[in-house]
Number of protein chains: 2
Amino acid sequence: MAEIEHVRHTLAHLLAAAVKDAYPHAKPTIGPAIDTGFYYDFDFSGGEQPNDEALKDLQKRMKKLLNVWTEFTHEEVSADKAREVFAGNQFKRELIDNLEKEGSTITLYTCGHSTSSGQGGFTDLCRGGHCEHPNKEIDTDAFKLDKVAGAYWRGDEKNPMLTRIYGLAFATKEELDAYLVQREEAIKRDHRKIGAEMKLFTSSPLVGAGLPLMQPNGMIIRKEIEDYLWSLHKNKGYSRVWTPHLAKEDLYITSGHAAKFGDELFRVSGKEEKFFMKPMNCPHHMQIFADNQFSYRDMPVRYFEPATVYRDEKSGQLGGLTRVRAITQDDGHLFCRVGQINQEVSTIVSIIKEFYTTMGMMDGYWVSLSVRDADKSKYLGTDEVWNTAEGALEDAAKSNGLNYKRVEGEATFYGPKLDFMFKDAIGRQWQLATIQCDFNLPERFDLSFINEQGEKERPVVIHRAISGSLERFMGVMIEHFAGAFPVWMAPVQVRVLPVSEKHTEYAKTLMKHLQQYEIRAELDDDDSLGKRIRNVKIQKVPFFLVVGDEEVANETATLESRAGKVGARPIQKICEYISNQIRQKKDSSPDIDALIA
Amino acid sequence: MAEIEHVRHTLAHLLAAAVKDAYPHAKPTIGPAIDTGFYYDFDFSGGEQPNDEALKDLQKRMKKLLNVWTEFTHEEVSADKAREVFAGNQFKRELIDNLEKEGSTITLYTCGHSTSSGQGGFTDLCRGGHCEHPNKEIDTDAFKLDKVAGAYWRGDEKNPMLTRIYGLAFATKEELDAYLVQREEAIKRDHRKIGAEMKLFTSSPLVGAGLPLMQPNGMIIRKEIEDYLWSLHKNKGYSRVWTPHLAKEDLYITSGHAAKFGDELFRVSGKEEKFFMKPMNCPHHMQIFADNQFSYRDMPVRYFEPATVYRDEKSGQLGGLTRVRAITQDDGHLFCRVGQINQEVSTIVSIIKEFYTTMGMMDGYWVSLSVRDADKSKYLGTDEVWNTAEGALEDAAKSNGLNYKRVEGEATFYGPKLDFMFKDAIGRQWQLATIQCDFNLPERFDLSFINEQGEKERPVVIHRAISGSLERFMGVMIEHFAGAFPVWMAPVQVRVLPVSEKHTEYAKTLMKHLQQYEIRAELDDDDSLGKRIRNVKIQKVPFFLVVGDEEVANETATLESRAGKVGARPIQKICEYISNQIRQKKDSSPDIDALIA
C-alpha cells in the first residue's frame, strides 16, 4: 500500500482535476497533504465558486475521475515551457518564476490521461510524492471532502484571498469514521465552551488576548493540580524557590534566550533600565544556584517553581487556555553530576508515572528518546558527555519500563531529552511531560560546585516539567474529562438537596459535617427536586445527597454518584468515604462498591 | 514644655551657631527637624571640615551656647536687607531670591545675643517654630550629635555636595537612650544581613536591582506565611483567583492607575500591542467580577490572590525585601452592598487579629480610621454613602474592640479606610494591614449586580491586605524575630545530632520518624558535638535532639529548645509535641513545660 502522505497528496491533485472539470475558470494554486488529509487553494475570481453544498458533487467527480487515474507520468521542463502550460495562472507563474530564480528543477506531473470524459488528463506543477497507481491504492470510502474556507495566497494577508477546499483522508474507512467521531466529540469537549459554562476562566479585552483570568472554579482545579504536583516532589529532595517575572536584558543575552526567542519576547521599559518579561525560568534558577558555593556533598540541588512565563504570540491566534501569551510552567531544574543523571531521571519518571496514572492517561503513552543524529557539529558538548547522558536517559527509560522510541536528530542542541506523549479520553495525543539534559546553560553561566579534589566542577542541568504548563494542562484536562472531573479536582464535590423546605435545616447540619471533612459542598434548595437533580447531572457534580423525612429520621443521606445511586447511608460513613476518595485522588465511580458493601 | 519639633528645630539653629563658632568659613544652608532629631547642611569649601570625631567638640559648644540662648527674636526684612545679612553665602541668597520671587515674607530669627563669648548672637533665615526659651526647654542630655554625611544642595545630584551633620533629639534622656538601643538592635537584625547569613533570598545584577529571588530557605518562610493567610480566609467565603502580571494600557487608563502611577509603571511592548506590568490587582479582579452577572443572593463576592505587582522605583534606592520593584500583595477584593460593609470588615478584623496574635505583634498596635476632612469636594461619592461607610468602619472598629483613632483628611479620595500599625519586637512601628472602602473603581468599571427589584445595583469594593506584601512582611518578620523564627516558620525545625558515628544509624531512624510527622529535620554529623550544638544556636534552629548510648538504649532523644534543655523523652512524644507546636503555630519556648510535665 501507498504511504498515507502519498495518498493525501494524490487526492489533492484529484481534487484540483475535479474542480477544473466543474469550474473551468478556476485557477489551481497549491495543494499539500496535511495531518488529516489534504487541501487545495483555488482562485475562483471572475466566476462561480463552490460552497459547502457543492462539495458532494466535487466528491462524486473525484471518485469518477479516480477510475481512470491509473498512473502518474512526469516530465522535467524549462521555466518557459512551464509558464506556457500554466498561461493565464499568475499564481503558478509566480511559483515557476521562483523555481527558476532558485535554479531548481521544474517538473510537471500528469494523471488521468485516458479519462472517458475525453479530457487530456490533469497536469500540475509538482515535486512528486504520489501513489504509483491511484485507482488501485486509494480507498474511495476513506476520503471525504470536508469544508470550504478562505485563505490568503501564501498565507500573507496582503495577498489576494483564495478559496481553500479541505479534504479528510485516511488509510481505511474505519480510520476516517473514527476521526469523524473524535472530531465531533472534541467539539463537545472544547475547553473554551466548557470553561465558559462551568465558569472556570475568562478573558477580558481590557486585559488582552491570550491572558486568561482564572475564575474561582477554575482556580480550584488549577490549585489542586499545582498542589498535587508539589506533593509529588516535596519528599524527593526538591526545594521551592520563587523568582520575579522580569529580568534585565543582560540575563537573556547571557543565556542565549534573547537570540532564540527574538520578537516573541515582551520588552519592558523602566525609567532607567530595560528588561524582558521572562520567557523561561532557567536563567533565574541559575542565579539562585550561583549564589551558593555548593560542594559535591550538596549535589544534586533541585529547585521547583510553578512560574509564569510570557511570550508574545500573534493576537489573532490566541484563545482559551492552550493558545496564550502567559503560561505557568510547573518548572523544575536539577543541578547534578553526569553520574547522577540516571538516578534523578528515574525519580522524575516515577513522578510522571504516578501523576499520569492518577489522570487516567497512562494507556497508550509513548516516550521519544530524542538523541543526536550523525551531524555532531550541531550539538554542544563532548562525545563522552553526550554518550553518558543519552545512555543515562536510555537506561532510565529501560529500567523504568518506559514505552520509548529512540528518535535521532530530535535532541536539542544543548542535550538529549525524553518527551512524553499521552493520549486523552478520545484518543488525541498530547506532548506534555519532558525531561531534558542541558550542558549549555551551566557553561554560559559558568556554574560550578567544588568536587572531592577541591576543584571547581561544572554541573549538568536537568530541565523537567510534569504537566508542561498549568494552563495548557488544565485545557487538556477539561477536554479529557469533558468537565466530569474526578472528585479531588471538581470545583463542587458534593451537592446537598433537601427534598422540601422542612429538610433544609437538616441539610445545613449535613453541610457542616461535610465542611469539617474539608469537602467542597454546596446546598441547593431552589426549584423542584427534579430540576435540581438534573442540574447536578448537567453540571457533572461528582456526588449528590438527597435528604427527606426518612434521612432526617435515621440521620442518613441518600448518596448518588455519577456512576449511579448508592442509597441511604449514615452521614459519617458518607463523609469518610468521600474524603477518602478525595485524599486518594480516585475518581468517583470505581470504588462505589466499597460503600455499598 | 515645648513640642519636640520645636526643640529639634531650635537645635538645628544651635548646631549652626556652634559650627560658625568653630568653622568661621562655614556657610550654613538649611537645617530642618526630622523624625529622630534634626540635621543641618553646610558648605565647608575653602577650609577645614568636621568629621565624626569633631562632633564631640561641636556638641560641647552647643551645650555651652545653650546657656545664653534664652529667647528668639525675629524681624521681617526686605529681600535686599536679607541678602546683605547673608552676603557671601550663595545658598542663602538663592533661598532669598526664591522667597522674593514667590512674594513671600522674609523673616530672620536670632538667638544667643547675650553670649558671654561676646558674639552678637546667631541669625538665620527662617519661618519660625522654635522653643520660646531654649535654655529652659531643652534637656542637654536628650540630644546628641550623630554623624556626618554628604548631601547634594537641594537633593539634586547636579548641585554641589554639602556636608550634613545629623543630630538625635528627644524629649527626655530615656527616650534618646531607648532610641540608641533600638537602633543598635536594628542593625543586628537587619534583614539583608540575616537574609544572606541564613540564605533566605538573594539578588542578581543580571536580574536587576529590587527584584529579589527567593532561596529555598526563604521560600519555606514565604510559603508558610502565604499558606497561613489562605487558611484564615478559605472557610470565610473567599475564593482564590489568578490573574496575569500584565494588561493592556486600556485597563489602567480605565481604572485611573495609568494617571496615578505615571512613570512608576513598567511599560511592556509586544509586537502588536502595548501593556503595563500590573501596579495593582484590583482592575484584574474587577474583570473577573464583571464576567458574571451576579444577583443580590450571590453578594458579597470575595476574591483572594497573593499576586505580584511591579513598580519602577529608582534603582539607587533599592535593596533587601523592603525596597523592591516587585511586591507580592496578599491581595483580596470584596464586592458587597453598603449594608454589608460592617459584617465584612468584622470578618477581616478577626483575621487580622488572629494573624498578628500569632506573630506576637498585637501589643501596642493602633488603627487609623482615616476619614474625610471638611473639604468634601476632594472626595468621590455622596454624603450618604460616605457616612454609611465611615460609620460601618467605625462600628466595626468599636465592636471588635480596636484601639483606633479617627484621623480626619487621611481617607483616600475613593473612600475611608482602616490602617493597622503594629510594633515589632524592638518597638518600631510598621503600617501593615489595611481595609479600604472604594466607591470609585466599581463606577469606573460600571460594575453591577441585580437587586431584589430586578434592577442593576452598584456594589462597593473593599480592598484588604493582611500582611501588606509578602516580601516586605517577610523582611519585617526577619527583623522582628531576629532570625529566631517560631517553629512553624523556621526553614529547619529540628536538628538531629548523634553523639558519635555509632549513633548515626539511630539518628537516621529518628529522622524518618520526624519526617513522617512532616517536621523539617536535618541530620548533622560533621565535626565535634560541641561545635554542632554551637551551630544550632548560631543558626537559631528551634529544637535539637542529641542521641547517644543512653538514647539508643531507651529509644529516646534528648530534646533542647531555644528556651533551654528539656531532657530525654520517647521519640513519639517528641514528634507529637513538635508537630503540635507547628500545627498550633506556637513559638518553641512557651509550652515547653507541657513536655516536661
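Residues numbered from 1 in each chain as written. Chains lettered and ligands numbered in written order. Predicted model: local features only at pLDDT ≥ 70, side-chain atom pairs only at ≥ 80, totals over all residues. Heavy atoms only, no water.

Peer 1: Would you mind going over the interface of chain B and chain A in detail, with residue names and values included?
Peer 2: If you look at the interface, chain B gives 60 residues, while chain A gives 60 residues. Taking both sides of the interface into account, the surface hidden between chain B and chain A amounts to around 5200 Å²; carbon and sulfur atoms contribute 57%. Of all residues in chain B, Leu206, Trp242 and Lys271 of chain B bury the most surface against chain A, accounting for 15% of the area lost on that side. Our count for the chain B to chain A interface comes out at eight salt bridges. We note a salt bridge from lysine 234 of chain B to glutamate 518 of chain A, for which the minimum N-O separation is 4.0 Å. Along the contact surface separating chain B from chain A lie 29 residue pairs in polar contact (both at pLDDT 80 or more). Ranked by residue count, the leading element in the side of chain B that touches chain A is helix α8 (residues 216-233) of chain B, at five residues. Within the side of chain B that touches chain A, the residues separate by chemical class into 25 nonpolar, 16 polar and 19 charged. Where strand β13 (residues 267-269) of chain A and strand β13 (residues 267-269) of chain B come together, three bridges link them in antiparallel fashion. (Contact = heavy atoms within 4.5 Å. Buried area = accessible area lost by both parts, 1.4 Å probe. Salt bridge = Lys/Arg side-chain N within 4 Å of Asp/Glu carboxyl O. Polar contact = N/O pair within 3.5 Å; in protein donor to acceptor, adjacent residues only side chain to side chain. Helix = DSSP H or I, 4+ residues; strand = E, 2+ residues; numbered from the N terminus. Nonpolar A, V, L, I, M, F, W, Y, C, P; charged D, E, K, R; others polar. Pairing = 2+ DSSP bridges.)

Peer 1: Please set out empty space enclosed by the protein residue by residue, giving values where relevant.
Peer 2: Considering all chains together, one arrives at two cavities of 30 Å³ or more under this definition. Size it by volume and the largest cavity reaches roughly 560 Å³. Considering the residues around the largest cavity, the lining is formed by 31 residues, among which Glu226, Arg240 and Pro306 of chain A together with Glu226 and Pro306 of chain B are closest to the centre. When contributions to the lining of the largest cavity are tallied by element, the ones reaching two or more residues are α8 (216-233) and β15 (301-310) of chain A together with α8 and β15 (301-310) of chain B. Of the residues in the lining of the largest cavity, the class split is ten nonpolar, eight polar and 13 charged. Its volume calculated, the second largest cavity comes out at about 50 Å³. Considering every element that reaches the lining of the second largest cavity, the biggest residue donor is helix α1 (residues 4-22) of chain A, with three residues. Class assignment of the residues belonging to the lining of the second largest cavity gives a composition of ten nonpolar, no polar and two charged. (1 Å grid on protein atoms, 1.4 Å probe; cavity = no way out; pocket = protein on both sides within 12 Å on 5 of 7 lines; lining within 4 Å. Points joined across faces, edges and corners; volume = space filled by probe spheres on them.)

Peer 1: Give a detailed account of the side chain of threonine 556 of chain A, specifying residues and quantitative values.
Peer 2: Residue and element names in this part refer to chain A. Position of threonine 556 among the secondary structure elements: in strand β27 (residues 556-561). The class for threonine 556 is buried, based on a relative accessible area of 11%. Other than its neighbours up to four places away in sequence, threonine 556 contacts Tyr506, Val547, Glu550, Glu551, Ala568, Arg569, Pro570 and Ile571. (Buried < 20%, exposed > 50% of the residue type's maximum accessible area, 1.4 Å probe, protein only.)

Peer 1: Would you mind going over the pattern of salt bridges in detail, with residue names and values included?
Peer 2: All names here are of chain A. If you walk through the whole model with that rule in mind, you get 88 salt bridges over all chains. Note that arginine 520 is salt-bridged to glutamate 224, the shortest N-O span being 2.8 Å. Taken as a pair, arginine 520 in the loop between α16 (504-516) and β25 (521-523) and glutamate 224 in helix α8 lie far apart in primary sequence, 296 residues in all. Overall, arginine 520 belongs to the partly exposed group, its relative accessible area being 22%.

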